[in-house]
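Letter by letter, the chains look like this.
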Amino acid sequence: MTGSKKRGQKKTGRKSAGPAGKRATGKSASGGGGKTKTGRTRKAASGGVRTARKRGAKKSPPKTSKKSAGKPAKKTRTLATSKKPSGEAKQKRRPKPKSEIALEGLPLFEGGPELKAETPAAIQGEPSPRVPRAIVGTPPPRGKGTKERKGFQTAQTIALRQREISISEFFAKNRHLLGFDSLPKALLTAVKEAVDNSLDSCEEAGIPPNLLVEIRELSENRYLLRVADTGPGIVKSQVPKIFGKLLYGSKFHILKQARGQQGIGISAAVMYSQLTTGKPVKVITRTNPRQKAHVYELQIQTKTNTPVIISEDTLDWEQPHGTQIEMELVAAYKKGLRSVDAYLHQVALANPHAELVYRPPRDSEIVYKRITEKLPAEAKAIKPHPHGVELGVLLDMLKLTKARNVKGFLEREFSRMSARASLDVLEMAGISPTTSPKRITREQAEELIRAFARAKIMKPPTDCLSPIGEELLVASVASEVEPDFHTAVTRPPAVYRGNPFQIEVALAYGGPMFSEDEIVKLTRFANRAPLVYQQSACAITHSVVNTAWRSYGVAQARGALPSGPMLVVVHIASAWVPFTSESKEAIAHYPEIIKEIKLALQKCGRRLARFIRRGVKAREEAKKRSYIEQYIPHIGAALRDILSFSEREEKKIVSKLSTTLEKSRKQ
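Residues numbered from 1 in each chain as written. Predicted model: local features only at pLDDT ≥ 70, side-chain atom pairs only at ≥ 80, totals over all residues. Heavy atoms only, no water.

### What about the confidence of the model for the chain?
Then, in step 1: Summarising the model, the chain shows a mean pLDDT of 77, and 73% of its residues fall at 70 or more.
Then, in step 2: When the criterion is pLDDT under 50, residues 1-59 qualifies, and its contacts beyond four places in sequence or with other chains add up to 46 contacts.
Then, in step 3: For residues 96-138, every residue scores under 50 in pLDDT, and the model assigns this stretch 50 contacts once sequence neighbours within four places are set aside. (pLDDT = per-residue confidence, 0-100. Contact = heavy atoms within 4.5 Å.)

In structure tokens, the structure reads:
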């Protein structure tokens, strides 16, 4: 019995204490009956990534002796829960850090484990095909002085999220940049883009514009917009791209006057309609009276910036040629200075050659008749002017040109560069005329820029522009407000950044439409298109405010628009209008543009000052005349009583006094 107890005690001792007990504990912690290496046991005891027992593995039953058979087996404690033997340092098991959680479970990893497998090793930063530590969540190795940062991303995980952004997707989230930042402005912007396209297409085809703008109220803040024109129509294959693809158009790469420039406008209106109502737009177009009209229902795939054709059909349309677009959108219809009504009124003012029929949602139909049957002069595409061209643009032109020498490059790529002017510029720059354009260095290109500024080069041609003209501008203003005085000035063409532009200013003063105390009414146009919003941010407003109107007889507070019964109309015609944003609501503050606007305003102001001075003089003369007519008869009656004149002599004296005083007044 004593021997058996000793043997039992030895067995118990191996399980509880001593090096043998340590080995036994290692066997139990491993979940099996095999031997466990000491190094692996130490790693498990240190609280690392791997634990002493594999998660999810089944425990093997503990070994029992013959004497303990039939008795319940004793539970063996793992290393993490058993007491540490004396003489050893206490080791606590650390909890698993949060950074070791698999990142594929986070929302930014939608691909799951497949995403890790498909990640290239170059992005992961490890040559091994194994999954990198940064992907599975293990923090990168820490160097000296570094601290563990929990909850942050690494360069590799950030690289997984980076991808290309579609232009449609960008503007869908930033539609305020296109002018759709409020419900009233959204309706105005949609009308503006459709009307601009209609006027441009009619003028390019040489057809007198006839436009129909109809706004129908469907429910609260929901309207149906229909815009139709009598233009040349659109080719069938181009309809989906024009209305269903942003940054698609025919005017971006051509240097001539046009209302649309960027290829964003009408497709942005389609995108806004789709975002707010979820319904497609309907487009009807016809190019030939012998063929049926094509009918499309379109939407935009914003992820890829591609059109989606919902349906396609043909129709017997009453118009022989033209285009019509219908869209339903969430908006608001209001009246006032920045309403659709005011905008279309200004469109008729700047386009006297167009006839416009407007059907508002709550009032009767309004018809703006054309003032003239003569279409504006056709704007022709030109090349950039040397004055104002920038160095980077010039270097790109030198690389892309097909000219064999730099002399031919100047004559071929720029306007107003004759053979004589090209030789003069090259001589000033110190460049041989036979030099290849591709061999021009950056320093030589800078010398060319300086030579452009010193050389005598003609101003850009005006055939790329189509201004309104002084006569039509005066006629439009006179029919608008019926003023006492009106005048107009058209400046000669000028250049900014190599782009030609021309400024026109019309001024109307007095009349029954104005009040003496109100602020001057300012109307702004860019390529015959009204600018309704962002008046204070526009270069036109800046020029009007900084003009000394007091010297012309008009009251003006410091830093504000002048006050008085006056209308000021400013129009900029340019091959490329420098708008401040994609919504095309204000002109950028280029010094060349501000200078030309102020010169035109000053010329109109001098004419106005002469009229005002004549009016003041006439009022003074009328005042003196009233004095003469009032007091001369009394003087005659007094002289008759004093000198005993007859009635005949009294009349003679009164007439003589009136004539003498009238002559002295005029002198």
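### Comments concerning the packing of aromatic side chains
What characterises a pair of aromatic rings is the spacing of the ring centres plus the angle enclosed by the ring planes.
Then, in step 1: What the rule picks out here adds up to nine aromatic pairs.
Then, in step 2: In textbook terms, an aromatic cluster arises when at least three aromatic residues are bridged by ring pairs, as seen for F409, F414 and F452.
Then, in step 3: In this structure, K185 packs its charged tip against the face of Y533, placed 4.8 Å from the ring centre. (Phe/Tyr/Trp six-rings, centres within 6.5 Å; stacked < 30°, edge-to-face > 60°. Lys NZ or Arg CZ within 6 Å of the ring centre and 35° of its normal.)

### Points about the nonpolar core
Then, in step 1: Counting 48 residues, the largest nonpolar core has V191, V195, L225, F243, M327 and L344 as the members making the most contacts within it.
Then, in step 2: Sequence-distant contacts of F243, that is, excluding residues within four places in its chain, are made with I234, I266, S267, V270, V283, L298, I300, T323 and I325.
Then, in step 3: Residues F485, A526, I540 and A586 belong to the second largest nonpolar core, which totals 39 residues. (Core = buried A, V, L, I, M, F, W, Y, C linked by side-chain atoms within 4.5 Å. Buried < 20%, exposed > 50% of the residue type's maximum accessible area, 1.4 Å probe, protein only.)

### Considering the sheet that holds strand β5 (residues 306-315)
Then, in step 1: Read from one edge of the open sheet, eight strands run β5-β4-β3-β6-β2-β1-β7-β8, paired in mixed fashion. Taken across any chain shown, the strands that pair with only one partner, and hence form the sheet edges, are β5 and β8 (366-368). Each strand axis lies, on average, 15° off the axis of its neighbour in the sheet, ignoring direction.
Then, in step 2: Bridge count for strand β7 (residues 355-359) against β8 is three bridges, and the pairing is antiparallel. (Pairing = 2+ DSSP bridges. Helix = DSSP H or I, 4+ residues; strand = E, 2+ residues; numbered from the N terminus. Axes fitted to C-alpha atoms, helices over the stretch in contact; angles between N-to-C directions.)

### Description of unusual backbone geometry
Then, in step 1: A positive phi angle, close to 60°, is found at N221, a residue other than glycine.
Then, in step 2: Within the fold, N221 resides in the loop between β1 (210-219) and β2 (222-229).
Then, in step 3: In the Ramachandran plot, R528 falls in the positive-phi region, its phi being about 70° despite a non-glycine side chain.
Then, in step 4: According to the relative accessible area criterion, R528 is buried, its value standing at 4%.

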